[in-house]
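# Commentary on secondary and tertiary structure
Residues per chain are reported as follows:
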Amino acid sequence: QQDQEIMDALNALIEKHPRWGFWMCYDRLRLTGHWWNHKRVYGVYTAMKLNLPRRKKRRLPTRDPQPMVVDARANAEWSMDFMADALYHGRRFRTLNILDEGVREALDIVIDTSIPGGRVVRTLDRLVEWRGYPEAIRVDNGPEYLSQVFKDWCQDNEVTLNYIQPGKPNQNAYIERFNRTYRHEVLDAYVFESLDDVRRVTRQWIREYNEERPHDSLGRIPPAMFRRQVENAGNSNFKLSH
């Protein structure tokens, strides 16, 4: 078939870039040395029905299982996760929750209507100013964590990026448990009329969670107290498991 070469080239492009339209594909073909007439290419493109809406979803890369064991010390591994809720009048908002797994300490909860990858990185930069860099970060496969700006930040700062397997939230169980507590004690406990209200109550809750609230897995003491005990003892070999 005389157009087989064009079909193969288009199939290869669409397989890699399923959301590209005709002119994006055609320009890319020219950049890679294919100088077919655009009318000929478009005829093949439509014959292949590539001009119709395509809703193919890309498969996530294979992830290794993430064991739920972490060193009981600060900055061994952080975990991050998003939550969603709504104000009293219906306006939706998101929260970005960041937890130090080793000592179960809440580092931050960012609250806004949108929290893209760049905002995630700026939040991390602010945290490391007073906390230092984590050795690793555990996340799911959300688009913010798959963004190049987030992956570049981890690589540039020598932070290991541990993705959990898709559909396996139990591999991020520390922050999942934290999320449930936050929802029960804050998001489901109050009627909020503004984002500032959510932020104010959340800041107070974080302080109480870290400094006052006993944690069963830490020997029934608050996370900040546990961290200070570990730092004073210099015990970096003690392990915590879920």
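We now turn to the structure provided with this report. Source: prediction; values computed, not measured.

### A word on the packing of aromatic side chains
- Under the definition given, this model contains 14 aromatic pairs.
- Aromatic side chains Trp23 and Tyr26 sit 5.7 Å apart centroid to centroid with 90° between the ring planes, which places their arrangement in the edge-to-face category. Of this pair, Trp23 and Tyr26 are both found in helix H2 (residues 22-31), 3 residues apart, which corresponds to roughly one turn of the helix.
- For the pair Tyr145 and Phe150, a centre-to-centre distance of 5.6 Å together with 55° between the ring planes defines the contact as tilted. Here the two residues Tyr145 and Phe150 agree in accessibility, since each one is buried.
- Among the aromatic residues, those joined into a ring-pair cluster are Phe22, Trp23, Tyr26, Tyr42 and Tyr45.

### Focus: the pattern of salt bridges
- Tallied over the full model, the rule gives 19 salt bridges.
- Note that Arg183 is salt-bridged to Asp188, the shortest N-O span being 4.0 Å.
- Relative accessible area serves as the criterion here: at 52%, Asp188 is assigned to the exposed category.
- Look at the salt bridges and you will find they share partners, linking Asp100, Glu105, Arg131, Arg227 and Glu231 into a network.

### What to know about the sheet that holds strand S2 (residues 78-86)
- Strand order in this open sheet of 5 strands is S4-S3-S2-S5-S6, and the pairing throughout is mixed. The sheet is open, and its two borders are formed by strand S4 (105-112) and strand S6 (160-163), each paired with just one other strand. The sheet shows a mean angle of 25° between the axes of neighbouring strands, direction not considered.
- Inspection of the sheet shows S2 paired to strand S3 (residues 92-100) by 9 bridges, in the antiparallel sense. The residue bridging Asp85 from the neighbouring strand is Phe93, located in S3.

Cut-offs and rules
- Residues numbered from 1 in each chain as written.
- Predicted model: local features only at pLDDT ≥ 70, side-chain atom pairs only at ≥ 80, totals over all residues.
- Heavy atoms only, no water.
- Phe/Tyr/Trp six-rings, centres within 6.5 Å; stacked < 30°, edge-to-face > 60°.
- Helix = DSSP H or I, 4+ residues; strand = E, 2+ residues; numbered from the N terminus.
- Buried < 20%, exposed > 50% of the residue type's maximum accessible area, 1.4 Å probe, protein only.
- Salt bridge = Lys/Arg side-chain N within 4 Å of Asp/Glu carboxyl O.
- Pairing = 2+ DSSP bridges.
- Axes fitted to C-alpha atoms, helices over the stretch in contact; angles between N-to-C directions.

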